[in-house]
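For reference, the chains in residue letters:
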Amino acid sequence: MENSGEKFDIIVVGAGVMGSATAYAASKRGLKVLLLEQFDLLHFRGSSHGESRTIRASYPENYYPPMVIEAAKLWEEAELEAGYNVYFKTSHLDFGPSDNPSLLHVISSCEINKIDHRILDAHQVFDEMSGRIKIPDDWIGVATELGGIIKPTKAVSMFQSLAMKHGAVIRDRIEVKGIEPIDEQEGGGILISTTCGNQFRSSKCAITAGAWMKNLVKKVTGKHLPIQPVETSVFYWRIKQGHESDFTISPGKFPTFASYGNPYIYGTPSLEFPGLIKIPIHGGLECNPDERKWKAAKEVIIEEIREWIRGRFGDLVDADGGPVITQSCLYSMTPDEDYVIDFLGGEFGKNLVVAGGFSGHGFKMSPVIGKIVVEMLLDGEVGGGVDMKYFKIERFDGGLNGNAKSFADQVCFSSS
Ligand SMILES: Cc1cc2nc3c(=O)[nH]c(=O)nc-3n(C[C@H](O)[C@H](O)[C@H](O)COP(=O)(O)OP(=O)(O)OC[C@H]3O[C@@H](n4cnc5c(N)ncnc54)[C@H](O)[C@@H]3O)c2cc1C
């Protein structure tokens, strides 16, 4: 296949969840697809590995909930085709100070998108959660039905298996180093070259390179995308003896949750590691994805989570003992925390789409993102009422602010 002159319809660069979902969506539409990954398939060096990602329809931005609702359907369709589950449902609970602008926007976005939600005071949260979550009297809770856990590594593997079932070719340990347009006189399309000396041709290309996006796009096209890699840590804490089942997704029906304010803390019910619950901070340190520290967050961050656990879960979760498991992962942050899904333009015209900058909240929407990328490349436009203006590169043309928002960033990160 390599250097054979064989031409693909679409080459997808990067086999994280976005590339794998794109390869699946493209191959399902009957296209001849090649998916290339620089490391081993299902590796742990990017953003899509691990045991749990939250899915929730409650967003401060109005434009994400319809995408999540469509994604939930697409997750179920893919599961049906695969014959196994990657999406484990529960409800979702947001909470925080009653005047927190982001939380107030979550409420208005639920109203605008007609998402059933209930606003609870501190006593109602305590009662509804049977005493498992306590919030201060001047906080509120927002309960929504669509919540749950998606198993990331299993989900990426599912998309790759389904893509292969539909005829996609997948190659790992191949680093793309060049992406060039081919002259019309020579057949047109795109030429991909790799560090090991291979060349591949295609009509269209999608770059889904996660934390490597900025460097790769700069290297191959000279264009700057404001996507900052950030190293974040995931912490699992021990549930106190006798309370383990209270925090399970089933039968405990514990919700996925997000605690707005400073710090923004989120978590998932106990599922992957029995007796443990995932409670990290939504933040981290700027990094170079090729020179990772693989270091847990500073003690000060762990102390902030400890305090939060003592306040919210009282004596039910062991804060003093510290996190039992720590895992490292990468976010790809844009300045406004919105995605970049756009044609790269220039000599590539409408043949090259970049999809990145998922800013720590993209996993749940990956089946929709894959579908959108394929629609852009194949149909030139996106169906289903998704307003793509929020994801365009040109929003950063006048400076780095991007989309205007009247609430604070969710992710907090620093350079040291
Ligand atoms: C700790 C953590 C928790 C998160 N929690 C949630 C959550 O609860 N809900 C949610 O919706 N989202 C969540 N996210 C975000 C979500 O996981 C990411 O948005 C998503 O995984 C991004 O996928 P990706 O495919 O863009 O990037 P990646 O998974 O990093 O994939 C990019 C791939 O491209 C490959 N690549 C790069 N350059 C090249 C090259 N030159 N040649 C070949 N291959 C290349 C890389 O090796 C990599 O495999 C979380 C992320 C983290 C880190």
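Residues numbered from 1 in each chain as written. Predicted model: local features only at pLDDT ≥ 70, side-chain atom pairs only at ≥ 80, totals over all residues. Heavy atoms only, no water.

### Describing the site of the ligand
Formally: Here, proximity means that at least one heavy atom of the residue falls within 4 Å of the molecule or strand. Within 3.5 Å is the distance limit for a polar contact, defined as a pair of N or O atoms, with the added protein rule that one can donate a hydrogen and the other accept it, and that residues adjacent in sequence qualify only through two side-chain atoms. Here the open area of atoms and residues is found with the Shrake-Rupley method and a 1.4 Å probe, where only the protein chains shown may cover a residue. Comment: elements are numbered from the N terminus, with helices defined as DSSP H or I runs of at least four residues and strands as E runs of at least two. Residues are sorted three ways: Asp, Glu, Lys and Arg are charged, Ala, Val, Leu, Ile, Met, Phe, Trp, Tyr, Cys and Pro are nonpolar, and all the rest, Gly among them, are polar. Domain delimitation follows an automatic or database domain assignment.
Taken together, 36 residues are adjacent to the ligand, and Glu37, His43, Ser48, Thr54 and Cys329 come closest. One of the side-chain N or O atoms of Gln38 is found 2.9 Å from an oxygen atom in the ligand. Arg53 places a polar side-chain atom, nitrogen or oxygen, 2.9 Å from an oxygen atom of the ligand. The fraction of the free accessible surface of the ligand (1000 Å²) that becomes covered by protein chains is 97%. Looking at the shell around the ligand, the elements that each hand over two or more residues are helix H1 (17–28), strand E3 (53–54), strand E11 (228–238) and strand E16 (325–333). Per element, the largest residue contribution to the shell around the ligand is 3 residues, and it comes from E16. Of the residues that constitute the shell around the ligand, the class distribution is 18 nonpolar, 14 polar and 4 charged. Structurally, the shell around the ligand is a two-domain feature, drawing no fewer than three residues from each of domain 1 (7–47 + 154–226 + 336–414) and domain 2 (93–150 + 229–333).

### A look at unusual backbone geometry
A cis geometry characterises the amide bond from Ser250 onward to Pro251, with omega recorded as 10°. Among the structural elements, Pro251 can be located in the loop between E11 and strand E12 (256–259). Between Asn262 and the following residue, Pro263, the backbone shows a cis peptide bond with an omega angle of 5°. Here Pro263 lies in the loop between E12 and strand E13 (265–267). Non-glycine residue Lys114 carries a positive phi angle of around 55°. Mapped onto the elements of the fold, Lys114 is located in the loop between helix H3 (101–112) and strand E5 (117–120). For Ser130, which is not glycine, the phi dihedral falls at a positive 50°. Relative to the helices and strands, Ser130 is located in the loop between helix H4 (122–128) and strand E6 (139–150).

### Observations concerning the packing of H1 against helix H8 (residues 366–379)
Relative placement of two packed helices is described by the angle separating their axes and the distance separating the axes. Which entries qualify depends on this criterion: For every element, the axis is a line fit to its C-alpha atoms; helices are fit only across the contacting stretch, and the angle between N-to-C directions ranges from 0 to 180 degrees. Roughly parallel here means an angle under 35 degrees, roughly antiparallel means over 145, roughly perpendicular means 65 to 115, and every remaining angle is called oblique. Should the near helix be turned anticlockwise from the far one by less than a right angle, the crossing is left-handed, and should it be turned clockwise, the crossing is right-handed. In this description, contact between two residues means that some pair of their heavy atoms is separated by no more than 4.5 Å.
Two numbers describe how H1 lies on H8: the axes approach to 8 Å, and their chain directions differ by 55°. When the axes of H1 and H8 are compared, the pair comes out oblique. Two packed elements cross with a definite hand, and for H1 against H8 that hand is right-handed. Listed contacts from H8 to Val17, Met18, Ala21, Thr22, Ala25 and Ala26 of H1 are Ser366, Pro367, Ile369, Gly370, Lys371, Val373 and Val374. Residue composition of the contact of H1 with H8, grouped by class: 9 nonpolar, 3 polar and 1 charged.

### Some details on the side chain of Glu37
Formally: In this scheme, a residue with accessible area under 20% of its type's maximum is buried, one over 50% is exposed, and one in between is partly exposed, where area comes from a 1.4 Å probe on protein chains only. Neither His nor the chain ends contribute to the count of charged residues, in which Lys and Arg are positive and Asp and Glu negative. By definition here, a salt bridge exists when the distance from a side-chain nitrogen of Lys or Arg to a carboxyl oxygen of Asp or Glu is within 4 Å.
Within the secondary structure, Glu37 sits in the loop between strand E2 (33–36) and E3. Notably, Glu37 is buried but unbridged: the nearest opposite-charge side chain belongs to Arg45, and the N-O separation is 8.2 Å. Among residues more than four places away in sequence, those in contact with Glu37 are Gly14, Ala15, Gly16, His43, Arg171, Asp172, Arg173 and Ile174.

### Some details on helix H6 (residues 213–221)
Selection rule: Relevant arc is that of directions from the helix axis to the C-beta atoms, nothing else.
Buried within H6 are the following residues: Met213, Leu216, Val217 and Val220. Each buried residue of H6 lies within a common arc of 95° when the element is viewed along its axis, so the set occupies one face. At its buried positions, H6 is contacted by strand E1 (7–13), strand E8 (176–181), strand E10 (199–207) and strand E18 (352–356).

### Some thoughts on a negative patch on the surface
As a reminder of what qualifies: A patch consists of residues exposed above 30% relative accessible area that lack any salt bridge, with like charges linked at up to 9 Å and nonpolar side chains (Val, Leu, Ile, Met, Phe, Trp, Tyr) linked at up to 5 Å. Charge positions are represented by NZ for Lys, CZ for Arg, CG for Asp and CD for Glu.
A cluster of acidic residues, Asp99, Asp121, Asp127, Asp137 and Asp138, forms a negative patch on the protein surface. Within the secondary structure layout, Asp137 lies in the loop between H4 and E6.

### Some points on the domain arrangement of the protein
Quick reminder of the rule: Defined here as a combined quantity, buried area equals the accessible surface (1.4 Å probe) lost by two parts on assembly, summed across both.
You can read the domains of the protein as domain 1 (7–47 + 154–226 + 336–414) and domain 2 (93–150 + 229–333). Here domain 1 and domain 2 have C-alpha centroids that lie 30 Å from each other. Opposite the 24 residues of domain 1 that make contact, domain 2 presents 22 residues. Across the domain 1 to domain 2 interface the summed buried area is about 2100 Å²; carbon plus sulfur atoms make up 57%. Viewed at the interface, domain 2 and domain 1 are joined by 0 salt bridges. Taken together, the links from domain 1 to domain 2 amount to 8 residue pairs in polar contact (both at pLDDT 80 or more). For the side of domain 1 that touches domain 2, the class distribution of residues is 12 nonpolar, 9 polar and 3 charged.

### With respect to the side chain of Asn403
Take Asn403: it is sitting in the loop between H8 and strand E19 (412–414). Polar side-chain contacts of Asn403 include one of 2.7 Å to the side chain of Asp338. Side-chain polar atoms of Asn403 contact the backbone oxygen of Tyr390, separated by 2.9 Å. Ignoring anything within four residues of it in the chain, the contact list for Asn403 reads Tyr63, Asp336, Asp338, Tyr390 and Arg395.

### Quick notes on the confidence of the model for the protein
To keep it simple, the criterion reads: Confidence scores labelled pLDDT are given residue by residue by the predictor and lie between 0 and 100.
Put simply, the protein has an average pLDDT of 95, and 98% of its residues get 70 or more. Of all secondary-structure elements in the protein, the lowest mean pLDDT belongs to E19, at 73, while H1 reaches the highest, 99.

### Brief notes about the packing of helix H2 (residues 65–82) against H8
Running from N to C, H2 and H8 cross one another at 95°; their axes reach a closest spacing of 7 Å. In this view, H2 runs roughly perpendicular relative to H8, as classed from their interaxial angle. Along the contact surface, H2 presents Met67, Glu70, Ala71, Leu74 and Trp75, while H8 presents Ser366, Pro367, Val368, Ile369, Lys371 and Ile372. Of the residues contributing to the contact of H2 with H8, the split by class is 8 nonpolar, 1 polar and 2 charged.

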